[in-house]
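Fold and geometry: a report
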Amino acid sequence: MNLKISALQFTRDVKSGNISAEDFVAKTMERIQNVDDKLHAFLSLNDKAVDQAREIDKKIKSGEKIGQCFGMPISIKDNICIKDTRTTCASKMLENFIAPYDATVITKLKQQDAIFVGKVNLDEFAMGLSTEFSAYGPSKNPWNTDYVPGGSSGGSAVSVSAFECVASLGSDTGGSVRNPASFCSTVGYKPTYGLISRYGLISYANSIEQIGPLTRTVEDAAFMLNLIAGLDSNDDTTVNNNSEDYLKDINSGIEGKKIGIIKEMIGEGIDPAVLYATKDAISKLEGLGAICEEISLDMIKYSVAAYYIITATEAGSNLARYDNLRYGYDFSVEGYEFNSYIEKARKKFGPEVTRRMILGGFVPSAGHAGKYFLKALKVKSKLIRQINDAFKKFDLLIAPTVPILPFKIGEKINDPVSLFLIDINTVTANLTGKPAISIPYAISNGLPIGIQLIANSMDDKLLLQAAYALEKTVKLPEVPI
Amino acid sequence: MTKIGLEIHSQLTKLESKLFCSCKANYREFEPNTNICPICIGLPGSLPRLNQKAVEKATMIAMELNCSTPEKIAFFRKNYFYPDLPKNFQITQLNIYGDTSVGGKGIIMVGEKKIHITRIQLEEDPGRLLYEGSSEKNQITLVDYNRAGTPLVEIVTEPDFENPKEVREFLNILSNLLENLGVSDPSLEGAMRADANVSIEGGNKVEIKNIGSFHDLEKAVHFEITRQQSLHSRDIPIIQETRHWDDKRKITISSRSKEEDLDYRYFLEGDIPWVRIGNEVKEKLKAEMPESISSKKQRYVSKYNIPVQVADVLSADKFYSNLFEEAHTKENAKEVANIITTDLMGLVDTREKRESSKLTSSHLKDIVDSIQSGKIARNSAKNALYEIVKTGKKLSDIISELDLGNVSDESELSKIIESVISEEPQAVEQAKSNPQTINYLVGKVMQKTKGKADPKLTLDLLKNKIS
Ligand SMILES: [Zn+2]
């Protein structure tokens with residue numbers, strides 16, 4: 001049984017009877033048992049996965065109508081609600097939270113006969129980019145387990161990269177899908193803001209985050225998008241995509257397309273190997289008929305600062321509900337005093353969440369909003385203006401997904417500011433709502449490098465076409481695990 | 001000079017569902033914590049889903065209060081910790097970053113006085129806290145989220161009021177207006193709540209929070225003015241503070257909490273996109289709005305020649321004006337208005353009496369018809385009304401049961417007239433020389449028939465017999 005096939009290949013193989021869903025899912029669960037001790041991608045497993053796959057095989061045999069996933073094993077980041085399943089956000093705070101409802105993406109995937117093999121690891125409440133801030137321990141990079149897998153959707157990237165599932169759903173607030181995709185050599189895609197419903201995604205910074213797929217191929221990402229995108233009456237921020245088919249014409253190529261190389265994302269601090277890979281990718285794209293040219297978006301200088309101020313502000317509000325009254329811990333009624341219980345509950349947050357909650361209490365507060373929060377909003381709107389201007393001239397923008405290579409576990413954990421700066425290449429797409437994708441591009445000293453493409457709002461189809469074209473130029477070694 | 005400003009919280013009780021989910025807006029009949037869902041108790045991953053009807057109703061209120069209405073409205077988060085607040089923030093509106101609340105500046109006339117509206121905002125009601133236990137020490141706080149997320153409109157006024165009487169008049173006008181719009185039933189428990197700020201003689205402003213009804217609002221304002229005046233007369237400084245209304249003891253008490261120091265860290269609610277309320281929407285809403293109280297009043301005066309004072313009373317109250325609209329014709333309008341305002345209002349002056357009343361508009365129509373055709377005397381109408389309100393029986397049945405019908409039988413009436421003529425020789429002589437005084441004799445006949453003699457027939461017969 002080859003567990004390394006793409007999602008689309010899986011559906012073709014099951015459909016044609018080449019393989020059974022049950023066999024594939026059973027082998028996948030076996031694979032998880034064998035490798036996850038080393039990788040720690042999963043926080044919980046679905047012990048009914050094989051039974052569910054068997055039911056799907058039965059449906060196929062009896063000629064019943066079958067969903068487009070054909071029992072495909074998918075992992076889900078543990079900040080997305082699956083009914084009757086523990087959804088912890090990798091936090092002690094939600095250790096016992098059993099979601100009483102399905103996220104919209106889950107409902108849609110269930111309708112398409114997907115099988116959720118388990119919930120995967122993340123930085124606590126998706127705050128971080130190394131998955132080291134999980135309250136249940138870090139995940140490890142399958143390319144070298146001494147290294148971080150990136151984050152916050154580290155478990156998603158690891159599980160796809162190490163063949164513990166065929167595809168995964170993560171969430172991307174400032175690069176949380178693309179960063180681990182880059183570090184683990186998978187495709188990671190953050191769609192246009194509003195394209196995928198956030199209903200059932202536990203909010204961290206709701207005004208900029210999106211659910212996104214992590215897959216083996218660009219085609220798989222387009223396939224996943226076909227299944228989960230579109231208007232949702234449960235999320236007022238969703239946009240109508242007119243049931244676009246993102247797979248159709250994915251091989252249209254990029255001949256004649258104008259691509260801007262973002263100057264601020266290949267500047268100071270970039271790893272030479274990453275810069276080399278980026279330049280190589282640009283020349284490949286030119287070889288395919290694209291016209292590439294450098295462009296400067298000087299607001300990017302301030303984007304990380306603005307990003308942390310805005311996300312901390314929203315996080316401070318979104319996480320305020322974890323006050324020990326409804327979540328957290330049993331407490332005796334005696335001596336109950338609301339404020340002291342909030343204080344007690346807050347002690348259960350890990351260091352990164354605590355850091356951002358403190359920041360989130362400060363930057364929008366009455367005396368300081370003008371200096372921080374309102375200024376961050378100004379940067380955001382200027383950045384939107386700049387990037388919209390850029391898209392008048394260019395069809396796409398290009399940059400490395402992360403300016404550096406994966407680092408060792410523990411290497412930067414006590415240096416939050418240097419961690420923050422790694423987000424420089426990914427936060428712009430979130431602050432501006434634009435779609436962006438990371439494509440596995442190179443391996444340097446056994447560690448992956450991803451290349452990022454960014455498109456204008458609702459140009460997701462164009463973005464996927466360009467990513468597909470670039471992907472076809474790449475031939476990478478196999479993950480060593 | 002005394003200055004009073006109000007913040008009125010009015011639930012949109014006539015809406016089907018809550019502001020951000022499909023739980024019932026009318027939470028009153030549920031067992032605790034049974035009118036709830038992932039959205040209104042703020043479960044992780046849930047998102048608000050804006051109730052468009054609530055936006056429409058709130059916009060109608062803004063238009064009715066002559067407020068400016070912006071092209072686009074936005075929602076903000078007001079962040080503070082309180083156990084009745086499921087998310088520990090309230091989704092509300094704000095005008096700090098541009099006019100984005102449903103209503104901007106407006107004016108409402110209270111008699112000759114202009115009361116300025118500062119803004120109108122749409123927001124969610126928190127849950128309710130219930131306290132159990134005898135003393136403060138072993139008190140238990142219970143949380144009921146059935147109310148959480150109920151649509152609430154906050155109407156903020158400038159400190160234009162100078163005394164409790166103006167406050168009361170304003171509240172009457174406002175509750176009539178909200179009821180007439182069909183957005184709220186002000187008489188429901190907890191449907192109308194308020195905060196007030198009061199200052200005297202240019203002194204510090206004191207906020208009174210937590211006033212649970214309009215009735216108490218007037219009392220609270222009165223109490224606070226008296227309290228401040230008493231301090232002032234003794235040269236004790238009035239400190240700027242927040243006080244709570246204690247509705248059991250009917251006094252205001254200084255709040256121990258530092259609520260005035262709270263920093264709400266307002267910011268835009270990203271889960272709710274801006275809502276465009278363009279001119280076409282406003283026109284559509286205007287067309288859907290029921291006729292306003294003032295235009296009703298004008299119509300009653302100009303079309304039916306109803307006296308201004310009567311039209312005033314009639315138009316302000318939806319219960320009476322509905323009765324009027326259904327019962328009146330062009331010919332009987334004045335009489336219908338008259339019966340309602342002079343006879344009916346005293347009979348159904350409370351909510352309970354209105355609700356148990358069996359009177360319909362067709363009863364009212366019958367009564368007026370019967371008066372106009374001389375079937376019953378105007379005096380008997382009140383007795384008939386009393387019976388109808390109580391029993392709902394048909395007017396004709398009541399007339400015969402209670403013998404309310406006019407004495408219009410000629411021979412019967414002639415006998416009575418003859419006895420009056422023999423008893424009042426002096427008056428008869430006077431009437432012969434001065435026909436104007438015949439009314440005295442008519443009155444005597446009425447006395448003998450307890451007001452039931454047909455007045456026209458009586459007069460005719462009297463004239464005949466005297467001449
Ligand atoms: Zn609800």
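Scroll up a little and you will see the structure.
Presented here is a report on the structure given in the accompanying data block. (Residues numbered from 1 in each chain as written. Chains lettered and ligands numbered in written order. Predicted model: local features only at pLDDT ≥ 70, side-chain atom pairs only at ≥ 80, totals over all residues. Heavy atoms only, no water.)

1. Details of the coordination of the zinc ion
Ligation of the zinc ion by protein atoms is provided by Cys21(B) (SG), Cys23(B) (SG), Cys37(B) (SG) and Cys40(B) (SG), these donors lying 2.3 to 2.4 Å from the ion. Around the zinc ion sit four donor atoms; with metal-centred angles ranging over 105 to 113°, the donor geometry is tetrahedral. (Donors = N, O, S within 2.8 Å, 3.2 Å for Na, K, Ca; no water. Tetrahedral: all angles 85-135°; square planar, octahedral: opposite > 155°, others 65-115°.)

2. Looking at the sheet that holds strand S2 (residues 73-77) of chain A
All names here are of chain A. Reading across the sheet, the eleven strands line up as S1-S3-S2-S4-S6-S5-S10-S11-S9-S7-S8 and stay open at both edges, with mixed pairing between neighbours. Whereas interior strands pair on both sides, the edge strands pair on one side only; in this sheet they are strand S1 (42-45) and strand S8 (291-295). Across the sheet, the axes of successive neighbouring strands diverge by a mean angle of 30°, strand direction being ignored. In this structure, strand S7 (residues 258-262) lies alongside strand S9 (residues 396-400), joined through three bridges in parallel fashion. Bridged to Gly-260 within S9 is Leu-397. This element, helix H7 (residues 218-228), spans S2, strand S4 (167-172), strand S5 (187-190) and strand S6 (210-215) of the sheet and lies at about 140° to S6. (Pairing = 2+ DSSP bridges. Helix = DSSP H or I, 4+ residues; strand = E, 2+ residues; numbered from the N terminus. Axes fitted to C-alpha atoms, helices over the stretch in contact; angles between N-to-C directions. Contact = heavy atoms within 4.5 Å.)

3. Topic: the interface of chain B and chain A
Tallying the contact residues gives 30 residues for chain B and 41 residues for chain A. Buried area between chain B and chain A, summed over both chains or domains, comes out near 2800 Å², and the portion from carbon and sulfur atoms is 56%. Across the chain B-chain A interface, the total number found is one salt bridge. Two residues, Asp271(B) and Arg198(A), come together in a salt bridge whose shortest N-O distance is 2.9 Å. Here chain B is connected to chain A by 15 residue pairs in polar contact (both at pLDDT 80 or more). The residue inventory of the side of chain B that touches chain A, partitioned by class, reads 17 nonpolar, six polar and seven charged. (Buried area = accessible area lost by both parts, 1.4 Å probe. Salt bridge = Lys/Arg side-chain N within 4 Å of Asp/Glu carboxyl O. Polar contact = N/O pair within 3.5 Å; in protein donor to acceptor, adjacent residues only side chain to side chain. Nonpolar A, V, L, I, M, F, W, Y, C, P; charged D, E, K, R; others polar.)

4. Describing the environment of Ser414(B)
All names here are of chain B. Here Ser-414 is to be found in helix H13 (residues 410-423). Spatially, the C-alpha atoms of Ser-414 and Leu-457 are 9.9 Å apart, while their sequence positions differ by 43 residues. With near-sequence residues (within four places) excluded, Ser-414 lies in contact with Leu-461 and Lys-465.

5. What about the packing of aromatic side chains?
Across all of its chains, the model carries 17 aromatic pairs over all chains by this definition. Consider the rings of Phe125(A) and Phe349(A), whose centres lie 5.9 Å apart with planes at 80°: the pair is edge-to-face. Placement of the pair is Phe125(A) in the loop between strand S3 (115-120) and helix H5 (154-161) and Phe349(A) in the loop between helix H10 (338-346) and helix H11 (351-362), with a sequence separation of 224 residues. Of the two residues, Phe125(A) and Phe349(A), neither departs from the other in class, the shared state being buried. On the numbers, 6.0 Å between centres and 70° between planes, the contact of Phe373(A) with Phe267(B) is edge-to-face. Residue Phe373(A) is located in helix H12 (residues 373-393), and its partner Phe267(B) is located in strand S14 (residues 267-268); the two belong to separate chains. Residue Phe373(A) shares its accessibility class with Phe267(B), and that shared class is buried. The ring of Trp274(B) is capped by Lys72(B), whose NZ or CZ atom sits 5.5 Å from the centre of that ring. Over the face of the ring belonging to Tyr320(B) we find Arg354(B), whose NZ or CZ atom lies 4.8 Å from the ring centre. (Phe/Tyr/Trp six-rings, centres within 6.5 Å; stacked < 30°, edge-to-face > 60°. Buried < 20%, exposed > 50% of the residue type's maximum accessible area, 1.4 Å probe, protein only. Lys NZ or Arg CZ within 6 Å of the ring centre and 35° of its normal.)

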